[in-house]
Amino acid sequence: EKLYFEPEELQEIFSKLDGNKYTVYSTRLLLEFLTLTGLRIGEALALTHDDIHDYKLEVTKNYTDFKLTTPKSEASIRTIGINFRCVQIANEMKLLKRINGINSNIVFPNTLGKHQYYTSVRKVLEKHGIYPTRLHIYRHTHASLLADKGLPLDMIQRRLGHEDDGITKQIYIHITEKKKQREYEVFKNLDIL
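Below is a summary of the structure that appears in this document. (Residues numbered from 1 in each chain as written. Predicted model: local features only at pLDDT ≥ 70, side-chain atom pairs only at ≥ 80, totals over all residues. Heavy atoms only, no water.)

Another aspect to go through is the environment of Glu92. Relative to the assigned elements, Glu92 resides in helix H4 (residues 84–99). For the pair Glu92 and Thr69, spaced 23 residues apart in the sequence, the C-alpha separation amounts to 26 Å. Sequence-distant contacts of Glu92, that is, excluding residues within four places in its chain, are made with Tyr25, Leu29 and Arg85. (Helix = DSSP H or I, 4+ residues; strand = E, 2+ residues; numbered from the N terminus. Contact = heavy atoms within 4.5 Å.)

Now the structure itself:
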């Protein structure tokens, strides 16, 4: 079973979701945000614009089963650093909501300005032929990107809010094996003359 997407696969997914329909384009922005932050889908759907400030994101709530709850575990309550693109996505969502007459402080609301449910997001993916539709794969993709950049396992685990590092280790080991293979290929073809 596929654990994460490669960068080329992400580009293809995002391009399938480009357009001017609110539900499609907001889904694209949500997926990109999930990939850049490693948030669980419920954490992202619970976000308000008040949770984002000074290139930091406060993860203090979760939206699941049609209600706001606390995150999955104590380790899941965290503040993480975000990049310029994440801030840009939040601002794009403000503009997209304004254009579509949606008045909501929720970052990724439905067309009524209420919390979106993850099955709605999955339906958009299915409609556009994007598989797998498991939204957790974007979280794993984030972990793989961090591992590929050489971030230590404990830092990735903390950023993801993991108490158990099983899946993080699995992704981390896979990425480091891929790096080793690339290194072997470089040295196999290294020639000094």
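Now that the structure has been shown, the text picks up again.
On inspection of all chains with the given rule, the structure shows four aromatic pairs. Relative to Tyr117, the ring of Phe66 lies with its centre 4.4 Å away and its plane at 15°, an arrangement referred to as stacked. A residue pair is termed long-range when its members are at least 10 positions apart, and Phe66 in the loop between strand S3 (62–64) and strand S4 (67–69) and Tyr117 in the loop between H4 and helix H5 (118–127) qualify at 51 residues. Among the residues examined, Phe66 registers a relative accessible area of 60% and is labelled exposed. Through pairs of rings, three or more aromatic residues link up here, namely Phe66, Tyr117 and Tyr118. (Phe/Tyr/Trp six-rings, centres within 6.5 Å; stacked < 30°, edge-to-face > 60°. Buried < 20%, exposed > 50% of the residue type's maximum accessible area, 1.4 Å probe, protein only.)

Bringing the pattern of salt bridges into the picture now. This model, assessed by the stated rule, comprises ten salt bridges. For Glu32, the salt bridge identified is with Arg28, shortest N-O distance 2.5 Å. Taken together, the residues Glu32 and Arg28, both in helix H2 (residues 22–37) and four residues apart, mark about one turn of the helix. By the burial criterion, Glu32 is buried, and Arg28 matches it. (Salt bridge = Lys/Arg side-chain N within 4 Å of Asp/Glu carboxyl O.)

Remark: H2 packs on H5, axes separated minimally by 10 Å, with the N-to-C direction vectors making an angle of 105°. As the angle between them shows, H2 and H5 are arranged roughly perpendicular. On the side of H2, the interface is formed by Thr23, Val24, Thr27, Leu30 and Leu31, while H5 contributes Val121, Val124 and Leu125. (Axes fitted to C-alpha atoms, helices over the stretch in contact; angles between N-to-C directions. Parallel < 35°, antiparallel > 145°, perpendicular 65-115°, else oblique.)

Now for the side chain of Thr133. Here Thr133 shows up in the loop between H5 and helix H6 (136–148). Look at Thr133 and you get buried, because its relative accessible area is 8%. A distance of 3.2 Å separates the side chain of Thr133 from the side chain of Arg122, its partner in a polar contact. (Polar contact = N/O pair within 3.5 Å; in protein donor to acceptor, adjacent residues only side chain to side chain.)

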